[in-house]
Amino acid sequence: MDKLTTAQREAALTSLGDWSYDPEEDAIERGFGFKDFSAAFAFMTRVALLAEKAGHHPEWSNVYNKVSIRLTTHDAGGLSDKDIDLARRIDALGT
């Protein structure tokens, strides 16, 4: 898996409006809010199943009703198509 070029990254980010780019880490991140801990945990479970199927695992954290997700491809040394694809799949889950 190759790291995205600057042009590829910018094009992908325009289609991921709620994700922000961290240039220091060459990663994308997004926060999600839920009505309570159970809803947040259920969302994390759905994301975990997607990630396992894709063989690409997020860096994430959970505090009560909030989930933060960061995606980068360590093997590629930064953002790759794997990250963009997983971000789109996560967005398709809804909140």
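Residues numbered from 1 in each chain as written. Predicted model: local features only at pLDDT ≥ 70, side-chain atom pairs only at ≥ 80, totals over all residues. Heavy atoms only, no water.

Participant: Can you walk me through unusual backbone geometry in this structure?
Facilitator: Note on backbone geometry: most residues besides glycine have negative phi, and most peptide bonds are trans. One non-glycine residue with positive phi stands out, namely Asp 26, at about 50°. Inspection of the secondary structure assignment puts Asp 26 in the loop between strand 1 (20-22) and strand 2 (27-33). (Helix = DSSP H or I, 4+ residues; strand = E, 2+ residues; numbered from the N terminus.)

Participant: I'm lost on the pattern of salt bridges in this one. Help?
Facilitator: Any two side chains of opposite charge can pair, given that their charged atoms come close. According to the stated counting rule, one finds 6 salt bridges in the structure shown. Ionic pairing is found between Asp 22 and Arg 70, a salt bridge with its closest N-O pair at 3.0 Å. Taken together, the positions of Asp 22 in strand 1 and Arg 70 in strand 4 (residues 66-71) put the pair 48 residues apart, joining distant regions of the chain. Across the salt bridge formed by Arg 70 and Glu 29, the nearest N and O atoms sit 2.7 Å from each other. Here the residue Arg 70 occupies a position in strand 4, and Glu 29 occupies one in strand 2, the gap between them amounting to 41 residues. Since its relative accessible area comes to 27%, Glu 29 is described here as partly exposed. Here the salt bridges share partners, and the residues they tie into one network are Asp 18, Arg 30 and Asp 91. (Salt bridge = Lys/Arg side-chain N within 4 Å of Asp/Glu carboxyl O. Buried < 20%, exposed > 50% of the residue type's maximum accessible area, 1.4 Å probe, protein only.)

Participant: Sorry, what's going on with the packing of aromatic side chains here?
Facilitator: Each aromatic ring pair is summarised here by two numbers: the centre-to-centre distance and the angle between the ring planes. By the definition in use, this model includes 4 aromatic pairs. Taken together, a centroid distance of 6.2 Å and an interplanar angle of 75° make the contact between Trp 19 and Phe 32 edge-to-face. With Trp 19 in the loop between helix 1 (6-14) and strand 1 and Phe 32 in strand 2, this residue pair connects regions lying 13 residues apart in the sequence. For the pair formed by Trp 19 and Phe 32, the shared burial category is buried. Centroid distance Phe 37 to Phe 41: 5.9 Å. Interplanar angle 35°. Geometry classified as tilted. With Phe 37 and Phe 41 both in helix 2 (residues 37-54) and 4 residues apart, this pair spans about one turn of that helix. Look at Phe 41 and you get partly exposed, because its relative accessible area is 47%. Each residue in the set Trp 19, Phe 32, Phe 34 and Phe 43 is aromatic and connected to the rest through ring pairs, giving one cluster. (Phe/Tyr/Trp six-rings, centres within 6.5 Å; stacked < 30°, edge-to-face > 60°.)

Participant: Can you help me understand the sheet that holds strand 2 in this one?
Facilitator: Strand pairing in a sheet is mediated by backbone hydrogen bonds. Such pairs are either parallel or antiparallel. With antiparallel pairing, 4 strands are arranged side by side in an open sheet as 1-2-4-3. Looking at which strands have only one partner, the edges of the open sheet turn out to be strand 1 and strand 3 (59-63). Direction aside, the axes of adjacent strands within the sheet are offset by 20° on average. Looking at chain direction, strand 1 and strand 2 are connected through 3 bridges and run antiparallel. For Tyr 21, the partnering residue across the bridge sits in strand 2 and is Ile 28. Contacts from helix 3 (residues 81-93) reach strand 2 and strand 4 within the one sheet, and its direction differs from that of strand 2 by about 10°. (Pairing = 2+ DSSP bridges. Axes fitted to C-alpha atoms, helices over the stretch in contact; angles between N-to-C directions. Contact = heavy atoms within 4.5 Å.)

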